[in-house]
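# Chain and residue survey
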Amino acid sequence: MNLRRTLLVSTHNMDARPWSGVLWEWANVVSRLEGGRVIAPQDRLYRPGAGAVSLPLRDRLELKYRKLRGRYIPRMEPMTLDLDYDLTLYTCQFVYEIEEIDQIRQWRDRSGIAAIFLLESWSSTFEQWKDKLRLLDRFDHVFVLNGSSKEALARYTSAPITQLSTATDTMLTAPFPHLPKRGIDVTVIGRRDASVHERLLDLSAERDLVYVYDVWKGQEMRDGWAPVRRYNADLIRHSHCFLAWDPGDPSAVRELAGGDRALSTRYFEGAAGGALVLGSAPDCPEYHQAFDWPDALIPLDRDIGEVLAELEDDPARVERARRSNIAQSLRRHDWAHRWKRVLDTLGLEATPEHERRLQQLNEMAAHVERAEPIVRTRPTVLTSSAAG
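Residues numbered from 1 in each chain as written. Predicted model: local features only at pLDDT ≥ 70, side-chain atom pairs only at ≥ 80, totals over all residues. Heavy atoms only, no water.

Within an unreviewed UniProt entry, the label attached to the chain reads Glycosyl transferase family 1, and the organism entered is Cereibacter johrii.

Written out as structure tokens, the structure is:
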């Protein structure tokens with residue numbers, strides 16, 4: 001029986017833009033593994049689709065006073081904890097959000113072990129945010145997605161730092177128990193290479209290619225994060241190929257990356273959905289460790305039309321790559337695997353529910369490896385969409 005009381009604090013309800021869906025999914029899976037509590041307050045100064053809200057007079061005066069004094073203006077809706085927790089994990093996207101956890105009153109006093117998972121940690125920005133980074137000393141451990149920033153980050157905090165990759169809910173994303181027909185040729189969600197995009201638009205006309213891509217910029221979630229994550233998973237499960245780009249690649253317009261090389265979630269999503277992942281990869285240890293099987297990524301180092309034609313003519317290669325992507329993801333790249341790494345780092349045991357999920361993932365992977373060959377169906381319609 002699990003007697004550990006776990007608290008997960010997340011900023012996913014403070015930002016309705018696409019990347020917050022990753023934070024939501026992480027908290028959603030881990031809370032089920034731990035039987036834990038999730039606290040994800042909204043931005044008290046903003047509501048999706050509505051802009052700034054009308055605040056009470058007292059709040060408006062406080063904000064004006066803090067702004068005049070040059071002090072931090074908290075955006076997270078405040079609340080006070082009424083229980084003690086053995087483990088607290090705070091997950092946020094950006095460095096400037098580290099301080100937001102103080103809106104959870106008494107969080108440090110009521111937490112036994114406290115850790116933070118910071119998804120955006122670019123070395124080029126650290127001096128700008130040095131006052132925020134020193135707040136990391138209040139945590140027992142710091143987990144960062146960007147492993148190449150660890151050395152620079154260590155100059156701003158005494159807390160131990162561990163690289164932690166993202167993942168995906170493979171039980172949602174993996175095409176299981178049925179292997180679907182793949183009626184979409186190529187899907188890209190979010191970041192894209194402009195020249196490859198233009199070439200795919202041409203190919204969609206020349207070859208009757210079904211190419212699915214975002215048509216909106218700066219879109220926000222409208223119906224909750226669960227439908228967003230399911231929609232993305234559905235797209236990938238029905239796609240022949242999925243594009244993913246190195247976040248540090250100049251073509252990806254990642255202005256903060258500098259010399260850092262980090263691993264993004266898109267690789268995990270594409271592989272878990274059984275698509276062939278095409279694009280570019282970051283040259284960092286965590287990528288090479290995570291995607292070490294043949295054709296885990298097929299580089300677009302030449303015309304994408306040639307690559308697609310080559311894959312079309314080699315169904316055996318496609319079958320091997322697709323099956324490996326799904327099975328390896330189930331065995332290694334579910335959120336349950338990342339949570340196991342967190343617990344191991346902190347010296348804690350997995351719960352029975354956690355162990356059951358890990359076992360179920362292995363059984364699903366074995367099923368995929370034994371399954372009948374995946375049949376590809378040629379598409380007939382051109383589609384475009386937006387997804388977060």
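### Remarks on helix 6 (residues 194-206)
Helix length check: helix 6 (13 residues) gives 19 Å between terminal C-alpha atoms against 18 Å at 1.5 Å per residue, within 8%. Of the positions making up helix 6, those classed as buried are Val196, His197, Leu200, Leu203 and Ser204. Along the axis of helix 6, the buried positions cluster into a sector of 120°, meaning they face one direction only. Of the exposed residues in helix 6, the ones pointing more than 90 degrees away from its buried face are Ala194, Ser195, Ala205 and Glu206. Elements in contact with the buried residues of helix 6: strand 11 (184-187), strand 12 (211-212), strand 13 (239-244) and helix 10 (304-312). (Helix = DSSP H or I, 4+ residues; strand = E, 2+ residues; numbered from the N terminus. Expected span 1.5 Å × (residues − 1). Buried < 20%, exposed > 50% of the residue type's maximum accessible area, 1.4 Å probe, protein only. Arc of directions from axis to C-beta. Contact = heavy atoms within 4.5 Å.)

### Quick look at the nonpolar core
Trp26, Phe117, Leu330 and Trp339 are the most contacted members of the largest nonpolar core, which has 33 residues in total. Of all the secondary-structure elements, those providing two or more residues to this core are helix 1 (20-34), strand 6 (85-92), strand 8 (111-118), helix 11 (315-332), helix 12 (335-346) and helix 13 (352-370). Excluding its chain neighbours within four sequence positions, the residues that come into contact with Trp339 are Thr6, Leu8, Trp26, Val30, Leu33, Glu34, Leu87, Leu89 and His354. Leu81, Cys92, Ala152 and Tyr156 belong to the second-largest nonpolar core, a separate cluster that totals 28 residues. (Core = buried A, V, L, I, M, F, W, Y, C linked by side-chain atoms within 4.5 Å.)

### Looking at the packing of aromatic side chains
In the structure shown here, the tally under the stated rule is 13 aromatic pairs. On the basis of an interplanar angle of 35° and a centroid distance of 4.7 Å, the ring pair of Tyr211 and Tyr213 is categorised as tilted. With respect to burial, Tyr211 and Tyr213 carry one shared label: buried. Between Phe268 and Phe291, the aromatic rings sit 5.1 Å apart at their centres with planes inclined by 40°, giving tilted as the arrangement. Of the two residues, Phe268 is situated in helix 8 (residues 266-272) and Phe291 in the loop between helix 9 (285-290) and strand 15 (298-299); the sequence distance between them amounts to 23 residues. Under the relative-accessibility criterion, Phe268 is labelled buried at 1%. Chaining the aromatic ring pairs together yields one cluster made of Tyr267, Phe268, Tyr287, Phe291 and Trp293. (Phe/Tyr/Trp six-rings, centres within 6.5 Å; stacked < 30°, edge-to-face > 60°.)

### Thoughts on the sheet that holds strand 15
With respect to topology, 5 strands assemble into an open sheet ordered 12-11-13-14-15, the strand pairing being parallel. Here the strands that pair on one side only, and so sit at the sheet edges, are strand 12 and strand 15. As paired elements, strand 11 and strand 13 share 3 bridges and run parallel to each other. When the sheet's bridge partners are listed, Ile184 is paired in strand 13 with Ser239. Taken strand by strand, helix 7 (residues 225-237) contacts strand 11, strand 12 and strand 13, and its axis lies near 120° from that of strand 13. Of the strands in this sheet, strand 13, strand 14 (276-279) and strand 15 are in contact with helix 11, which crosses strand 14 at around 95°. (Pairing = 2+ DSSP bridges. Axes fitted to C-alpha atoms, helices over the stretch in contact; angles between N-to-C directions.)

### Overview of the packing of helix 1 against helix 7
Packing of helix 1 against helix 7 leaves a shortest axis separation of 10 Å and a crossing angle of 100°. Taken together, the axes of helix 1 and helix 7 lie roughly perpendicular to each other. Residue-level contacts link Ser20, Gly21, Val22, Trp24 and Glu25 of helix 1 to Trp225, Ala226 and Arg229 of helix 7. A breakdown of the residues in the contact of helix 1 with helix 7 according to their chemical character gives 4 nonpolar, 2 polar and 2 charged. (Parallel < 35°, antiparallel > 145°, perpendicular 65-115°, else oblique. Nonpolar A, V, L, I, M, F, W, Y, C, P; charged D, E, K, R; others polar.)

### Quick look at the pairing of strand 8
Counting buried positions along strand 8 gives 6 out of 8 residues, so the element sits mostly inside the fold. When strand 6 meets strand 8, the two strands line up parallel, connected through 7 bridges. Counted as the bridge partner of Tyr85 is Ser111 from strand 8. Sheet topology note: the strand 8/strand 9 (residues 141-144) ladder contains 4 bridges and is parallel. The residue bridging Ile116 from the neighbouring strand is Val142, located in strand 9.

### Quick look at empty space enclosed by the protein
Summed over all chains, the structure comprises 2 cavities of 30 Å³ or more. What the largest cavity holds in volume is close to 40 Å³. Every residue lining the largest cavity is listed: Glu25, Thr168, Leu172, Thr173, Arg229, Asn232, Ala233, Ile236 and Glu269. Listing elements by their share of the lining of the largest cavity, those giving two or more residues are helix 5 (170-173) and helix 7. Counting residues per element, the lining of the largest cavity draws most heavily on helix 7, which supplies 4 residues. In the lining of the largest cavity, the residues fall into 3 nonpolar, 3 polar and 3 charged. (1 Å grid on protein atoms, 1.4 Å probe; cavity = no way out; pocket = protein on both sides within 12 Å on 5 of 7 lines; lining within 4 Å. Points joined across faces, edges and corners; volume = space filled by probe spheres on them.)

### Thoughts on the side chain of Asn325
Mapping Asn325 onto the fold places it in helix 11. Setting aside anything within four residues of it in sequence, one finds Asn325 in contact with Ala271, Ala272, Ala275, Leu276, Val277, Trp293, Asp295 and Ala296.

### Observations concerning the pattern of salt bridges
Going through the model one piece at a time under the given rule, you end up with 28 salt bridges. For Glu310, the salt bridge is made with Arg302, and the minimal N-O distance between the two is 2.9 Å. Here Glu310 falls in the partly exposed class, since its relative accessible area comes to 35%. Of the charged contacts in the structure, one is a salt bridge between Arg317 and Glu310, with a shortest N-O distance of 3.1 Å. Of the residues examined, Arg317 reaches a relative accessible area of 18% and is grouped as buried. Within this structure, Asp295, Arg302, Glu306, Glu310 and Arg317 form a network of salt bridges that share partners. (Salt bridge = Lys/Arg side-chain N within 4 Å of Asp/Glu carboxyl O.)

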